Number of protein chains: 2
Amino acid sequence: MKRLVVVAALVSALPALADEGMWTYNNFPAAKVKEKYGFEPSQQWLDKVRLSSARLAGGCSASFVSPNGLVMTNHHCARGCVEQLSTADKDFIANGFYAKSQQEEVQCPAMEVNQLTDITDVTDRLNKATQGLTGKQYADTLKAEMAKVEKECATSDEVRCDVVTLYQGGQYNLYKYRRFQDVRLVFAPEHAIAFFGGDPDNFEFPRYDLDVSFVRVYQDGKPATTENYFPWSKAGAKEGELTFVSGNPGRTSRGLTVAELEYQRDVAMPKQLMALAEFRGMINEYQKRGPEQQRTSNNMKFGVENAFKAIKGREEALLDKKFFASKVADEQALRQKVAANPEMKKKYGAAWDEIAKAEEQLKNIRTELNYLEQGQGFSSQLFNIAKSLVRASEELPKPNGERLREYNDANQPAFKAQLFSPAPIYPELEIARLEFSLTKLREELGPDHPFVKKVLGKESPLTLATRVVNGTQLRDPKVREQLFKGGKQAIAASQDPMIKLAQLVEPDSRAVRKNFEENIESVIRKNSELVAKAKFEVYGTNVYPDATFSPRVSYGAVQGYMENGKKVSPITYMSGTFERHTGEDPFALPKSWLDAKGKLKLTTPMDFVTTNDIIGGNSGSPMINKNAEIVGLVFDGNIQSLGGDFGFDESVNRTVAVHSDAILEALQKVYGATRVIDELRPSKQPGVNAKPAR
Amino acid sequence: MKRLVVVAALVSALPALADEGMWTYNNFPAAKVKEKYGFEPSQQWLDKVRLSSARLAGGCSASFVSPNGLVMTNHHCARGCVEQLSTADKDFIANGFYAKSQQEEVQCPAMEVNQLTDITDVTDRLNKATQGLTGKQYADTLKAEMAKVEKECATSDEVRCDVVTLYQGGQYNLYKYRRFQDVRLVFAPEHAIAFFGGDPDNFEFPRYDLDVSFVRVYQDGKPATTENYFPWSKAGAKEGELTFVSGNPGRTSRGLTVAELEYQRDVAMPKQLMALAEFRGMINEYQKRGPEQQRTSNNMKFGVENAFKAIKGREEALLDKKFFASKVADEQALRQKVAANPEMKKKYGAAWDEIAKAEEQLKNIRTELNYLEQGQGFSSQLFNIAKSLVRASEELPKPNGERLREYNDANQPAFKAQLFSPAPIYPELEIARLEFSLTKLREELGPDHPFVKKVLGKESPLTLATRVVNGTQLRDPKVREQLFKGGKQAIAASQDPMIKLAQLVEPDSRAVRKNFEENIESVIRKNSELVAKAKFEVYGTNVYPDATFSPRVSYGAVQGYMENGKKVSPITYMSGTFERHTGEDPFALPKSWLDAKGKLKLTTPMDFVTTNDIIGGNSGSPMINKNAEIVGLVFDGNIQSLGGDFGFDESVNRTVAVHSDAILEALQKVYGATRVIDELRPSKQPGVNAKPAR
């Protein structure tokens, strides 16, 4: 068993130590890297890396690996697409996928790739707009101004613009992306090797997975030309080598106040974990209904188990008394410095208590917020579609700045891609999920809650779920398009039971969201800005912001660690993959690997770990050397990395990657994927700005 | 939504306030009751009440309600028996059960009723035996001396003797029970009315359940004569009336140290809740495999959901910051008093820190303890039988005092009744449970743990579970008897795969238990004794001990409470039962009730609440008035009562009972159960010692 040990890290408070930090491309500690590793990335190097990197809008990272739009990411980042393209007869999850020709590359029903082209600081503009405002006024104005900024920027559907909140509101940056919505599947191995070891090995190391897939971005029906991409490294990663990870860490909470952390530890996480655990028990047993039910729920099972293990690890970090005490001490130290300076005290002194009060209020409404508005009570793709249609009919007629944020003009391309996606929806799974979540809704709010009575009436959760799922027409994207185009009138006239359910839910759902945004979120936002500014004043700005699922770069080295008194070697080899094979899922290798065993060079490095600071969302990130060449593919963190949500401990926190050599070896000898290999040829020329290490 | 509010209660530290306390029959605060309610129970009254009460060894309470061995308890306390007697064709859970004649009363396969006949204080004897000892020596000697005391007392199989640890070891009492192992089912209503409202209404009020059943104890094949029993009250419970509950509260933790509570809050409970939540998700979905799978897993589903809700409520109490702070303050106050007195300091001063150290050690072994030894890794009745057989073959040849406690001579009747019970075991459910628990075993210890490797080998949890469940002969009680009688040799020669699995597990399982008992439990026991003695010295002995699933009596009154600013009336009526009927499970009344609606007096009180201090284990307790007449049947506590594990808050903590009038009305008009009614005639004579209230 592994115990999660997390040491205090004064993130956003003191200059980062060790290899810590998920840095923005415009505030990278190049000098520090040079000091430790003898290589100083130039801004040109950083820009090239940024432009060669990609974000998957669904929640992953990726990289361009050829001039012809070839994109590498994890298998588990493309598995939604792989599953959606599969049928009972053609199961690409089980058997893998390889497009032998460009014509065989198949479009993913709902995948979006983003390339970050520009970063603009809009902090002053937003601060000016909200100056002196609080509560509803603050929230409305901030939302409107963000929408304006994004709309001005988003000149076409091929441009995506997000105002990114950095340092808990200490900075606002406008991130402008090139957007690719035509993404086609090129290669995916079998699930059995991509996720070899399954949930038991997830977030663990040593590992033996080939968690890779390739997709291609298209423009106007042809492979997109991508000037910036990462060439493949000849040598691959070696122990001790300097490595960079360029990706999109989803969320960290290192800058949160103690009140916010307590809320996470004592309220949010325990509730999330219990809900996930129960859902996990349900979905695993659901899989036994039959092979088709298993196939169509595999992706959901994976998502649930992954989330459960990740949150459990984070929860354990916060339950570590010493670690939490260090968080309390850090905050007290900062507050004392603020209190000692009359001017700072006046500006910032009340911020922490204001946040604490808002968190107390949040406790009172969190169940309603989660269950009515945030999907926990209506876990169903069809319900989400109905809700989007109902809401779009209300929101889109409004001026851009007054809409709920996700209905902004700037967000329309992503919204529509999602809404009209032809990805298959499975009614039996929908009923099971919806019944489950309606049962939890009734349990958490109580059967006598007016909303519960309104929704269920005399029906049981199963009766209601069965009626609306079997009765709806929304599985057909054309029906969605008609309702979307028809607007308010079409929605009002619709007799579709799922639309009617969404309409029934809508007023209560909106009300609790409004209450949250105006009375809680706005208070937290406003006062978090103040805390962030206090930190800047006290500790300076040479720090990195918490992760926000926007592109970042981290640095580190290939390095093992100590666990339970034993050294864990940083690199595993293909031979170990075969040693771990038992023949029983999830430790059963696919036939292709067993057949290819004789051909494979078993001393090929398989997976490896580095000290790079990453978090969920970084999955699929390129691992590169100082020449900006691919040496690996990030697919996980070790169990100790989960506490990284709250602080980084270089002694044990590790990024887990597939080795670049393993990818080439497998593509060649297991899959004969020559089309892909030809595009990934190791570069002849060195990367930009490469300097010899000292 | 209800928020659990628990106020500090200095249990075992200061004299109890309000209606607090689960009192022993030999230390009842009669004067306090007189002061508040004008009635002073005499020792004679208390003895009569004790002898009229009963304990179900499986974990419930009950009462004698006729001179001919008729015993009343909850439906949910007898539902194991009801389910075991059912078959796919005759489903007594769904349809209820009524023995129209004595010949139709059917024996429950595994039910034991205990009547507490004598209480002896054996504190001095045990203290002398263990004087000056620590660690393994302390643990071994205490165990041996307890076994000796119990063996001396247990002169036949009809006598059960338990040394009960009171006040965390401040006192040891020998409880001598009359034991009934021939228990037969007389009456049970349909599950739908017994548990009307199901899990959503569990631990809630207002309620509308008829959670009652009747069994009869037999001796030598004939109904046992029971001199002491509770007559039925004519009037039933009225608002404001003084009430007593005589039953067996299972466990409270009011006297635990802060270190022990922190362990519960931060380690044990979160882990338990996640495990239960996942199992719950599994079992609810398992029920969809088919009607027979549903029938055979209903009891398990109920148990899991009940435990989950109960622990969740307790966890919330400990997460209440103010409440926990009060626990910390109480302990500090006591420790300061101890530290201020040199003699006390020497005797008791180190006890708290010793307990804290032991809790830290417990954190390191708890997963192995739970999964290897305490059943979490091998959730299967058949495995438990195999383990009992393997262990009995090792233990029984040893001298009585050296055996593992549950293999003592005094425990043999209960052990054998369990081991040889003909209750049906369902292989499909066994496989599902065992697969689930083996998967958790692998998850919690990791696939590379030597024990996991040893148990699973190259098998998956499903493969292993299927092989051992389908291959074992242990479903047949005769096979068990042969192996039991054959002892070590028979076990060694057995090729039964479940026996082989139990043998494989045994050395590791024993090792972790030994480590726990000698290095952790003994330290906690020893030092808890010291803490208890310190409390006696500082605060006196006029306090009640934590609950230990031994008979206790509590007092209170029929009284409503405030919830979310609204008054909750203390009594519900039959009319409300029909108003809550939706026709969909769990709010669907059985046909018998719908048919009888016209005949029923709808103004009959249905359920009610009182301020009595109870906890899980009290289910089935008689609720009596000062004449020692039945006025109700305890079947639940409200959600606020769950925090009662740690402290009692009279303002909201309520006992929930079925009203005595509802039982009579339903027996008569819904079920025509005249045989039962005839035995329950309201008493003509007043109870012992009754005095008019002031």
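Just above, that's the structure.
Overview of the structure. Keep in mind that what you see is a predicted model, and the values were worked out from it rather than measured.

## Some remarks on the packing of helix α11 (residues 321-340) of chain B against helix α20 (residues 497-539) of chain B
Each pair of packed helices can be described by the angle between their axes along with the distance between the axes.
Residue and element names in this part refer to chain B.
Okay, so step 1: At a minimum axis distance of 11 Å, the contact between α11 and α20 shows a crossing angle of 80 degrees. In terms of orientation, α11 lies roughly perpendicular with respect to α20. Listed contacts from α20 to Leu334, Lys337 and Val338 of α11 are Ala534, Lys535, Val538 and Tyr539.
Okay, so step 2: Here the contact of α11 with α20 is composed, by residue class, of five nonpolar, no polar and two charged.

## A look at the packing of helix α9 (residues 258-286) of chain A against helix α11 (residues 321-340) of chain A
All names here are of chain A.
Okay, so step 1: Interhelical geometry of α9 versus α11 gives an angle of 155 degrees and a closest axis separation of 10 Å. For the element pair α9 / α11, the angle class is roughly antiparallel. On the side of α9, the interface is formed by Val258, Leu261, Glu262 and Arg265, while α11 contributes Phe324, Lys327, Val328 and Glu331.

## Side note on the state of the cysteines
Okay, so step 1: One pass over the structure, following the stated rule, counts six disulfides over all chains.
Okay, so step 2: For Cys81(A), the disulfide goes to Cys108(A), at an S-S distance of 2.1 Å. Residues Cys81(A) and Cys108(A) are joined by a disulfide whose S-S torsion is about -75 degrees; by sign, that bridge is left-handed. Placement of the pair is Cys81(A) in helix α3 (residues 75-85) and Cys108(A) in the loop between β5 (106-107) and β6 (113-121), with a sequence separation of 27 residues.
Okay, so step 3: For Cys108(A), a relative accessible area of 3% puts it in the buried group.
Okay, so step 4: Between the sulfur atoms of Cys153(B) and its disulfide partner Cys161(B) the distance amounts to 1.8 Å.

## With respect to the sheet that holds strand β12 (residues 242-247) of chain A
Residue and element names in this part refer to chain A.
Okay, so step 1: As summarised here, the arrangement of the seven strands in space is β13-β12-β18-β19-β20-β17-β16, forming an open sheet in which the pairing is antiparallel. Two strands bound the open sheet, and with one partner strand each, they are β13 (552-557) and β16 (571-573). Each adjacent strand pair in this sheet contributes to an overall mean axis angle of 30 degrees, direction not counted.
Okay, so step 2: Where strand β18 (residues 622-624) meets strand β19 (residues 630-637), three bridges bridge the pair, whose relative direction is antiparallel. Within β19, the residue paired with Ile624 across the bridge is Ile630.
Okay, so step 3: Docked against the sheet, helix α1 (residues 30-37) engages β12 and β13, running at close to 10 degrees with respect to β13.

Reading guide: rules and limits
Residues numbered from 1 in each chain as written. Chains lettered and ligands numbered in written order. Predicted model: local features only at pLDDT ≥ 70, side-chain atom pairs only at ≥ 80, totals over all residues. Heavy atoms only, no water. Axes fitted to C-alpha atoms, helices over the stretch in contact; angles between N-to-C directions. Helix = DSSP H or I, 4+ residues; strand = E, 2+ residues; numbered from the N terminus. Parallel < 35°, antiparallel > 145°, perpendicular 65-115°, else oblique. Contact = heavy atoms within 4.5 Å. Nonpolar A, V, L, I, M, F, W, Y, C, P; charged D, E, K, R; others polar. Disulfide = S-S within 2.5 Å. Buried < 20%, exposed > 50% of the residue type's maximum accessible area, 1.4 Å probe, protein only. Pairing = 2+ DSSP bridges.

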